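# Architecture at a glance
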Amino acid sequence: MIEFRGKTIAEAEAKADAMIQDMREKGLGYHYPKVYAPQSKSVWALRAAGFGVLSNIKGDKKTIEFVEDTAVDLPDLPAYIEEFAELMKQFDQKVVYYAHAGAGELHLRPSVDLKTAEGVAEMRAIAEASAHLVKKYRGSLSGEHGDGRVRGEFIPIMVGEKNYQILRRIKATWDPTHIFNPGKIVDAPPMHTSLRHEKDPPEQAIPTVFDYSEAGSLLEAIEKCNGSGDCRKLAFSGGTMCPSYMATRNEKDTTRARANALREFLTMNTKSNPFDHPEVYEAMDLCLSCKGCKSECPSNVDMATLKAEFLYHYQQANGTPFRSRVFGNIGKINQLAALTPGLSNAVLGSKSIGGLIKKILGVATQRSLPPVGRSLRSWWNREGKMLPVTGIPKGKVYFYCDEFTNYNDPAIGQTAIKLLLRLGYQVEMPAHPDSGRAYFSKGMLREARALAVANLVFSKTCSMQIAP
């Protein structure tokens, strides 16, 4: 993907056409589409999505960012790429190359397994060989980022021993006790030490409720988090992930921190129940199970599912709190409250009884409890099913009336049904079981599974009844 700009569109097109002609003459490529603004944003979004694809490769061998910030003078870039490719052949590596060739910089991602001593040694050897190659071209190991723990060890190679000793003296002068980021630029420890994983760890059979075969295993689902920190973005950046971090600005409330805490305690566990750790419970506590990470994280880490899995096992050892039982059974509670919605809302809204209920449930007193309306099903049975379809019927829609729409937001359900009717669809509302969403979010997975099975049986029964 190459972007051309000019004072006019014609000027930019001329640059693009010249490049296309040059590539054709050299036999490079086979299709050269030209995309114009504003559609060009979608092209760059595709490039960003590729990062997530790399992070989701199955298995313990991952594309790791340890030689991924090299930069050389632009005229030297072709020769550097060719020599780097030959170097990777020596390591039997297939490397991903991306960004920002126009500036002489590349992000290079070899694949290594850091769970094995062999993989760690290979990473160290590739990193050192890459440093010497970049030095040969008088380039930089850190074209746009910092050196830090990954590249600090190789700074003497890049700047020379004399200059490196100057850096050490500057550090000793201004920070004699080494309290500011110790070991990041000078006196950095070897880059293959203090790694996230233990070398050649014993295989662990961790029992789970959910099926993680798509990721490979529970640990591999957790390890999809590559630490990029996209979950640390703030509200003005757009998107959902991660609402708890946006509120607290605390690292422990990020998707990354939750994944790291869960991974660390599962891999270093000594308990019979590997999930029985209050530290992980604290990290998970403010997760809203909104699934923003599932859609926005470059690696698609599904923290909502991981939280439900954790809570289930943690509560096996420590019991399910009364508060969780109440919110997990909210469908049944709202069913009773909807019998007399006026009285129920008056009680919930009162300072005395409503305030006491909030205190018992651990709800902030400033919050109002969700009002309960006359249920969507009662409206449907009373008048909804009698509403006509507009025009020629286009087909039939089965409306799933979940427990929250049914009791808390019936007006939204009514509007959706009326819209479907206006669009020409016949609507039916089967008497299906609850969704179990509340059970899921509170780690009450036995109850959630029972409802899932009941819904599956019900849907098969409906299918048999409507089959031609």
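To start, this report covers the structure provided alongside it. (Residues numbered from 1 in each chain as written. Predicted model: local features only at pLDDT ≥ 70, side-chain atom pairs only at ≥ 80, totals over all residues. Heavy atoms only, no water.)

### A look at the packing of helix α3 (residues 77–90) against helix α4 (residues 117–136)
To keep things clear, this is the line we draw: All axes here are fitted lines through C-alpha atoms, helices being fitted over the stretch that makes contact, and every angle between N-to-C directions spans 0 to 180 degrees. For the purposes of this entry, the term helix denotes a DSSP run of H or I that reaches at least four residues, the term strand denotes a run of E that reaches at least two, and both are numbered from the N terminus. In this scheme, roughly parallel covers angles under 35 degrees and roughly antiparallel covers those over 145, while 65 to 115 is roughly perpendicular and the rest are oblique. Throughout, a crossing is termed right-handed when the near helix is turned clockwise from the far one, and left-handed when it is turned anticlockwise from it by less than a right angle. Whether two residues are in contact is decided by their heavy atoms, any of which lying within 4.5 Å being enough. In this count, Pro and Cys sit with the nonpolar residues alongside Ala, Val, Leu, Ile, Met, Phe, Trp and Tyr, while Asp, Glu, Lys and Arg are called charged and the others, Gly among them, polar.
Two elements in contact, α3 and α4, have axes separated by 11 Å at closest approach and are oriented at 155°. As summarised for this structure, α3 and α4 are arranged roughly antiparallel, according to the angle between their axes. The interaxial crossing formed by α3 with α4 has right-handed handedness. Contact residues: Y80, E83, F84, L87 and M88 in α3; I126, A129, S130, L133, V134 and K136 in α4. Residues of the contact of α3 with α4, tallied by class, amount to 8 nonpolar, 1 polar and 2 charged.

### Some points on the sheet that holds strand β2 (residues 70–71)
The condition is simple: One bridge is not enough; two strands pair if DSSP finds at least two bridges between them.
Read across the open sheet, the 3 strands follow the order β2-β4-β3; overall the sheet is antiparallel. On the outer flanks of this sheet lie β2 and β3 (96–98), each paired with one strand and no other. Two elements, β2 and strand β4 (residues 105–109), share 2 bridges in a ladder whose sense is antiparallel. Across the sheet, A71 pairs through a bridge with E105, a residue of β4. Sitting on the sheet, α3 is in contact with β2, β3 and β4, with an inclination near 10° to β4.

### Some thoughts on the packing of aromatic side chains
Operational definition: Two aromatic rings from Phe, Tyr or Trp, using only the six-membered ring of Trp, form a pair when their centres are within 6.5 Å; if the ring planes differ by under 30 degrees the pair is stacked, by over 60 it is edge-to-face, and anything between is tilted. When accessible area is computed with a 1.4 Å probe and restricted to protein chains, residues below 20% of their type maximum are described as buried, those above 50% as exposed, and intermediate ones as partly exposed.
Following the criterion strictly, the structure yields 6 aromatic pairs and no others. Between Y80 and F84 the ring centres are 6.2 Å apart and the planes differ by 35°, which places this aromatic pair in the tilted class. On the criterion of helical spacing, the pair formed by Y80 and F84 is a turn pair, its members being 4 residues apart in helix α3. Each member of the pair, Y80 as well as F84, is classed as buried. Put simply, the rings of Y80, F84, Y97 and Y137 pair up and form one aromatic cluster.

### Here we look at the environment of N181
Residue position: N181 is located in the loop between α7 (161–174) and α8 (218–222). Linking N181 and G148, residues 33 residues apart in sequence, is a C-alpha distance of 8.9 Å.

### What about the nonpolar core?
Note the threshold: Nine residue types can take part in a nonpolar core, namely buried Ala, Val, Leu, Ile, Met, Phe, Trp, Tyr and Cys, and a core is a set of them joined through side-chain atoms within 4.5 Å.
In terms of nonpolar packing, the biggest core is built from 27 residues, with L218, I222, L262, L266, M303, L306 and F310 touching the most fellow members. Sorting the residues of this core by element identifies α8, α10 (255–267), α11 (278–284) and α13 (303–318) as the ones contributing at least two each. Of the residues forming this core, the biggest block, 5 residues, is contributed by α13. Among all residues touching M303, those that are not within four sequence positions of it are T255, R258, A259, M284, C287 and C293. Counting 26 residues, the second-largest nonpolar core is a separate cluster that includes L77, Y80, I126 and M191.

So, to be careful, I would describe these as geometric facts and stop short of saying anything about function.
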